[in-house]
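Chain residues, written in single-letter form:
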Amino acid sequence: MGNNNSLPTVGYHVLQVAPNSPAEYAGIEAYFDFIVSVNGTVIQNDDIFFSTIAKNIGNEVTLNLYNTNSKEYRDVVLSPSNTWGGAGSAGLSVRISDFTVATEHVWHILEVQKNSPASHAGLESFTDYIVGSPDVVINSCEEFYTMVNNATESLPVYVYSTKSERIRIVNITPNKEWGGNGCIGCDIGYGYLHRIPTKSEKAPGDKPSPTNSHIIDIAPEIPEDLPLQFSHMIDYQ
């Protein structure tokens, strides 16, 4: 790929990698990996990536990835297959995104209250991070909280776990009458101290300090000075 300084900063953010899929065997890592080129061609639109995969079923495709955990680029070889045993030919879910800012925009699950909607949904205190939604394009932080507060049915969200180092889909059903504080019953942290830690930053059992960070238990007023821009979700299955 040449000098890293000339490489693009936009690619496909890998959200999910199916077990035993071609993507897993290629060594693609959920959340931290971004696909920036396919067979040497920089990804500039959907057609380049998806058409190349579709045309190479049973063949090898070289993907160049940027990993926000290691801060390095690497090549992997993907072998798309329609017979690997799961949906689609690659077994991964992606969204187009700028990887210089994408991993900064997450909502950290802090204390989860007992018997709350967050607890019933399976959210875990301190180790879970909401990183997006498969159904809704979220253009700002305010939109996220408004979406949750105004929800009348279950909301699917992508959740990254630092324990499993995987992303899963969690369905949360907000309920202002559940019997505790907020409509989902957990504190949510946003800001520098609540970003997903890289492997070098992790310490077993550590809980982040809320000092100088933005913590919200889903509630009415959200500051307008927290701009977040989420790109459109694309599932490649």
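What you are looking at is a predicted structure, and each value in this text was computed from that prediction instead of being measured. (Residues numbered from 1 in each chain as written. Predicted model: local features only at pLDDT ≥ 70, side-chain atom pairs only at ≥ 80, totals over all residues. Heavy atoms only, no water.)

Visitor: Sorry, what's going on with the side chain of His13 here?
Guide: As for its position among the elements, His13 is in strand β1 (residues 10-17). Classification of His13 as buried rests on a relative accessible area of 0%. A polar contact of 2.5 Å, which involves the side chain of His13, links it to the backbone oxygen of Tyr31. Setting aside residues no more than four positions away along its own chain, His13 makes contact with Tyr31, Asp33, Phe34, Ser93, Val94, Arg95, Ser97 and Ala102. (Helix = DSSP H or I, 4+ residues; strand = E, 2+ residues; numbered from the N terminus. Buried < 20%, exposed > 50% of the residue type's maximum accessible area, 1.4 Å probe, protein only. Polar contact = N/O pair within 3.5 Å; in protein donor to acceptor, adjacent residues only side chain to side chain. Contact = heavy atoms within 4.5 Å.)

Visitor: Just to check I follow, could you spell out the pairing of strand β10 (residues 166-172) for this structure?
Guide: In the case of a regular strand, side chains alternate between the two sheet surfaces. As defined by bridge partners, strand β9 (residues 155-161) adjoins β10 across 7 bridges and the pair is classed as antiparallel. Looking across to β10, one finds that Leu155 is bridged to Ile172. Counting the residues between successive antiparallel strands, the hairpin from β9 to β10 contains 4 residues, one of them, Glu165, with a positive phi of roughly 55 degrees. (Pairing = 2+ DSSP bridges.)

Visitor: Could you clarify how one ought to interpret the pattern of salt bridges in this entry?
Guide: Think of it this way: side chains of opposite charge can pair up when their charged atoms draw near. Overall, the coordinates contain 4 salt bridges when judged by the stated rule. Glu124 serves as the salt-bridge partner of Lys163, at 2.7 Å between the closest nitrogen and oxygen. Of the two residues, Lys163 is situated in the loop between β9 and β10 and Glu124 in the loop between α3 (117-121) and β8 (128-132); the sequence distance between them amounts to 39 residues. You can call Lys163 exposed: its relative accessible area is 59%. Judged by relative accessible area, Glu124 falls into the partly exposed class, the value being 33%. Residue Arg168 pairs with Asp128 through a salt bridge whose shortest N-O separation is 2.6 Å. On the criterion of sequence distance, the pair formed by Arg168 in strand β10 and Asp128 in strand β8 is long-range, its members being 40 residues apart. Given the relative accessible area of 27%, Arg168 is considered partly exposed. (Salt bridge = Lys/Arg side-chain N within 4 Å of Asp/Glu carboxyl O.)

Visitor: It is not clear to me how the packing of aromatic side chains should be interpreted in this structure. Could you clarify?
Guide: Tallying each qualifying case throughout the model produces 10 aromatic pairs. For the ring pair Tyr31 and Tyr160, a centre distance of 5.2 Å and an interplane angle of 35 degrees mean the geometry is tilted. Linking Tyr31 in the loop between α1 (22-25) and β2 (33-38) with Tyr160 in strand β9, this pair joins segments that are 129 residues apart in sequence. The class for Tyr160 is buried, based on a relative accessible area of 0%. For the ring pair Tyr73 and Phe99, a centre distance of 6.5 Å and an interplane angle of 75 degrees mean the geometry is edge-to-face. In this pair, Tyr73 sits in strand β5 (residues 72-78) while Phe99 sits in the loop between β6 (92-98) and β7 (107-112), placing the two residues 26 residues apart along the sequence. With relative accessibility at 6%, the residue Phe99 sits in the buried group. Taken together, Phe34, Tyr66, Tyr73 and Phe99 form an aromatic cluster joined through their ring pairs. (Phe/Tyr/Trp six-rings, centres within 6.5 Å; stacked < 30°, edge-to-face > 60°.)

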